[in-house]
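In case you want the letters, here they are:
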Amino acid sequence: MAQLKIRDLHGLLSRAPRRSDLAQDGIRLLYDGQAFHLSTADDPDTVLATAPVTGFTTGPWEVTAYSASLASVTAWMRMLDGEDLIDVCPFWVSEAVLAFATGGQVGTWPLIACPTAPADRRPQATAEGRTDR
């Protein structure tokens with residue numbers, strides 16, 4: 001888990017390309033312990049945006065999430081009233097999700113891949129890049 005300002009996370013995610021502009025339906029979020037870096041599954045080495053961490057930090061992790069659900073995550077963040085910091089972390093239940101939490105409210109973003117998850121908890125991608133359900 002890491003904390004950053006909601007406005008910084010919103011700014012970071014707003015830099016993601018539209019789904020129709022992607023060859024794959026994936027947004028890559030890399031957390032290095034100091035900042036979040038946004039790229040795409042198509043071109044993971046090109047950083048599109050960076051947001052600094054403010055508050056609590058943990059060890060690094062990396063996830064690739066469905067860009068199709070980006071609009072719902074962004075809409076959820078816009079509804080938060082009076083909150084400044086948001087917790088962000090990958091979470092493994094029956095399927096892997098990226099969890100956002102603040103003030104008792106939680107939003108999730110389904111993951112395609114989470115290479116930093118424990119080996120027995122990683123999503124298994126199919127040939128099309130989708131997660132088996």
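Residues numbered from 1 in each chain as written. Predicted model: local features only at pLDDT ≥ 70, side-chain atom pairs only at ≥ 80, totals over all residues. Heavy atoms only, no water.

Caption draft 1: A look at helix α2 (residues 70-79). The set of residues buried in α2 consists of Leu70, Val73, Thr74, Trp76 and Met77. Projected down its long axis, α2 shows its buried positions confined to an angular sector of 160 degrees, all on one face. Exposed side of α2, more than 90 degrees from the buried face: Ala71, Arg78 and Met79 are the residues found there. Tucked into the core, α2 has its buried residues touching α1 (6-14), β5 (61-66), β6 (85-92), β7 (96-102) and β8 (105-113). (Buried < 20%, exposed > 50% of the residue type's maximum accessible area, 1.4 Å probe, protein only. Helix = DSSP H or I, 4+ residues; strand = E, 2+ residues; numbered from the N terminus. Arc of directions from axis to C-beta. Contact = heavy atoms within 4.5 Å.)

Caption draft 2: How the structure looks around the packing of aromatic side chains. Considering all chains together, one arrives at five aromatic pairs under this definition. On the numbers, 5.7 Å between centres and 70 degrees between planes, the contact of phenylalanine 36 with tryptophan 61 is edge-to-face. In this pair, phenylalanine 36 is assigned in strand β3 (residues 35-40) and tryptophan 61 in strand β5, connecting sequence segments 25 residues apart. The exposure class of phenylalanine 36 is buried, given its relative accessible area of 0%. (Phe/Tyr/Trp six-rings, centres within 6.5 Å; stacked < 30°, edge-to-face > 60°.)

Caption draft 3: Main features of the pairing of strand β2 (residues 26-31). Of all six residues making up β2, five are buried, and the element is well covered by its neighbours. For β2 and β5, the ladder comprises six bridges, and the chain directions are antiparallel. The partner of leucine 30 across the bridge, within β5, is glutamate 62. Pairing geometry for β2 and β3, over five bridges, is antiparallel. Across the sheet, residue tyrosine 31 finds its bridge partner in β3, namely phenylalanine 36. (Pairing = 2+ DSSP bridges.)

Caption draft 4: Molecular detail of the side chain of threonine 64. The topology assignment puts threonine 64 in strand β5. Leaving out residues up to four positions away in the same chain, threonine 64 has contacts with Gly26, Ile27, Arg28, Ala41, Leu111, Ile112 and Ala113.

Caption draft 5: Expanded view of the nonpolar core. Judged by nonpolar contacts, the single largest core of 33 residues is most densely connected at Leu9, Phe36, Ile86, Val88, Leu98, Phe100 and Trp109. For leucine 9, the contacting residues outside a window of four places in its chain are Leu4, Met77, Ile86, Val88 and Phe100. (Core = buried A, V, L, I, M, F, W, Y, C linked by side-chain atoms within 4.5 Å.)

Caption draft 6: Looking closely at the sheet that holds β3. Across the sheet, eight strands lie side by side as β1-β6-β7-β8-β5-β2-β3-β4; this open sheet has antiparallel pairing. The sheet is open, and its two borders are formed by β1 (2-5) and β4 (49-52), each paired with just one other strand. Ignoring which end each strand starts from, the neighbouring axes of this sheet average 35 degrees apart. Judged from the four bridges that link them, β1 and β6 form a sheet pairing that is antiparallel. Looking at β6, one finds that glutamine 3 is bridged to aspartate 87. Sheet strands in contact with α1 are β1, β2, β3, β4, β6, β7 and β8, and its direction is about 85 degrees off that of β1. Along the sheet, α2 contacts β5, β6, β7 and β8; its crossing angle with β8, the most-contacted strand, is approximately 160 degrees. (Axes fitted to C-alpha atoms, helices over the stretch in contact; angles between N-to-C directions.)

Caption draft 7: Representation of the packing of α1 against α2 within the structure. Where α1 meets α2, the closest approach of the two axes is 11 Å, and the angle between their N-to-C directions is 155 degrees. By the angle class used here, α1 and α2 are roughly antiparallel. Relative to α2, α1 is oriented so that their crossing is left-handed. Between α1, through Ile6, Leu9, His10 and Leu13, and α2, the contact on the second element is made entirely by Leu70, Val73, Thr74, Met77 and Arg78. Looking at the contact of α1 with α2, its residues break down into six nonpolar, two polar and one charged. (Parallel < 35°, antiparallel > 145°, perpendicular 65-115°, else oblique. Left-handed = near helix turned anticlockwise from the far one by under 90°. Nonpolar A, V, L, I, M, F, W, Y, C, P; charged D, E, K, R; others polar.)

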